[in-house]
Amino acid sequence: FSSRRRHTRYWRDWSSDVCSSDLVWLGDVKVGYTTSGAYGHTVGLSLAFAYVRTNALDEANADGGDLSVHIMGERRPARILPRAPYDPDGQRMRG
């Protein structure tokens with residue numbers, strides 16, 4: 001990508017977990033790719049990490065965006081998580 005990228009968290013509302021290199025879309029434009037994903041049993045969400053163009057993140061945050069991830073042949077809706085879904089302030093880690 002020619003513009004800067006940022007590693008970001010996504011929540012997805014589907015049953016299949018992503019693999020690395022699944023495409024991230026904003027509308028009909030490819031804006032990034034996933035690096036990993038798994039189901040978070042503690043938070044009850046299917047989660048993914050992705051590298052996404054920063055200008056796409058700004059656009060998605062401004063209007064809610066039409067984000068999706070291409071997984072197993074289908075584009076599935078996704079949204080950016082502004083904070084970690086579990087213990088965002090690190091209180092459990094500090095005791």
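Everything discussed here concerns the structure shown above.
Residues numbered from 1 in each chain as written. Predicted model: local features only at pLDDT ≥ 70, side-chain atom pairs only at ≥ 80, totals over all residues. Heavy atoms only, no water.

1. A look at the packing of aromatic side chains
- Considering all chains together, one arrives at one aromatic pair under this definition.
- If you follow Arg 75 out to its NZ or CZ, it ends over the ring of Trp 25, 4.2 Å from the centre. (Phe/Tyr/Trp six-rings, centres within 6.5 Å; stacked < 30°, edge-to-face > 60°. Lys NZ or Arg CZ within 6 Å of the ring centre and 35° of its normal.)

2. Some details on the pairing of strand β5 (residues 67–71)
- The buried count for β5 comes to four of five residues, which makes it a mostly enclosed element.
- When strand β2 (residues 23–26) meets β5, the two strands line up antiparallel, connected through three bridges. From the neighbouring strand, Trp 25 faces β5, where its bridge partner is Ser 68.
- Bridge count for β5 against strand β6 (residues 74–80) is four bridges, and the pairing is antiparallel. Across the sheet, residue Val 69 finds its bridge partner in β6, namely Arg 76.
- Hairpin connection of β5 to β6: two residues between the antiparallel strands, including Met 72 at a positive phi of 50 degrees. (Buried < 20%, exposed > 50% of the residue type's maximum accessible area, 1.4 Å probe, protein only. Helix = DSSP H or I, 4+ residues; strand = E, 2+ residues; numbered from the N terminus. Pairing = 2+ DSSP bridges.)

3. Some thoughts on the side chain of Asp 22
- Within the secondary structure, Asp 22 sits in the loop between β1 (5–12) and β2.
- Under the relative-accessibility criterion, Asp 22 is labelled buried at 14%.
- In this structure, Asp 22 is in contact with Gly 32, Tyr 33, Thr 34, Val 69, His 70 and Ile 71, ignoring residues within four places of it in sequence. (Contact = heavy atoms within 4.5 Å.)

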